[in-house]
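Listed here are the chains, written in short residue letters.
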Amino acid sequence: MNTLMIFVLVLLGPGGRPTGTELYFVELTSCIEYRDALVYQSTHIHNYVVGRKTSKFDAYCEVRLIPQSEAGKGKYIFRDPTMKKKDE
């Protein structure tokens with residue numbers, strides 16, 4: 001069985017307990033950018049400097065191995081942004 005390494009954004013509620021909400025990513029940078037945008041309530045490129053961290057929840061990214069056959073189906077829908085082609 002082939003496996004695939006993915007990155008999971010785990011949302012934490014008050015007291016640092018997992019809420020059960022998880023978002024899946026193929027790339028670590030996508031997971032971290034999504035986390036920062038949520039936690040700092042800002043989509044600015046330097047949101048950790050510009051924004052203020054919310055006190056309502058927190059989040060972290062973790063690595064998981066899943067069966068490759070399940071990738072992109074059912075539970076494992078990836079949230080990575082689509083790559084735009086540069087104009088030539």
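Residues numbered from 1 in each chain as written. Predicted model: local features only at pLDDT ≥ 70, side-chain atom pairs only at ≥ 80, totals over all residues. Heavy atoms only, no water.

(A) Quick peek at the sheet that holds strand S2 (residues 18-25). One open sheet holds the three strands; their spatial order is S2-S1-S3, and the pairing between them is antiparallel. With partners counted over all chains shown, the strands left at the sheet margins are S2 and strand S3 (58-67), one partner each. Recorded for the sheet is a direction-independent mean angle of 30° between the axes of neighbouring strands. As paired strands, strand S1 (residues 3-12) and S2 are joined by five bridges and run antiparallel to one another. The residue of S2 that forms the bridge with Val 8 is Tyr 24. In this fold helix H1 (residues 28-39) packs onto S1, S2 and S3, with an angle of close to 150° to the strand it touches most, S3. (Pairing = 2+ DSSP bridges. Helix = DSSP H or I, 4+ residues; strand = E, 2+ residues; numbered from the N terminus. Axes fitted to C-alpha atoms, helices over the stretch in contact; angles between N-to-C directions. Contact = heavy atoms within 4.5 Å.)

(B) Summary view of the pattern of salt bridges. With the rule as written, the count across this model stands at five salt bridges. Among the ionic pairs, Asp 58 bridges to Lys 53, the shortest N-O distance being 3.7 Å. In this structure, Arg 64 and Glu 62 form a salt bridge, with 2.7 Å as the shortest nitrogen-oxygen distance. Connected through salt bridges with shared partners, the residues Arg 35, Asp 36, Lys 53 and Asp 58 form a single ionic network. (Salt bridge = Lys/Arg side-chain N within 4 Å of Asp/Glu carboxyl O.)

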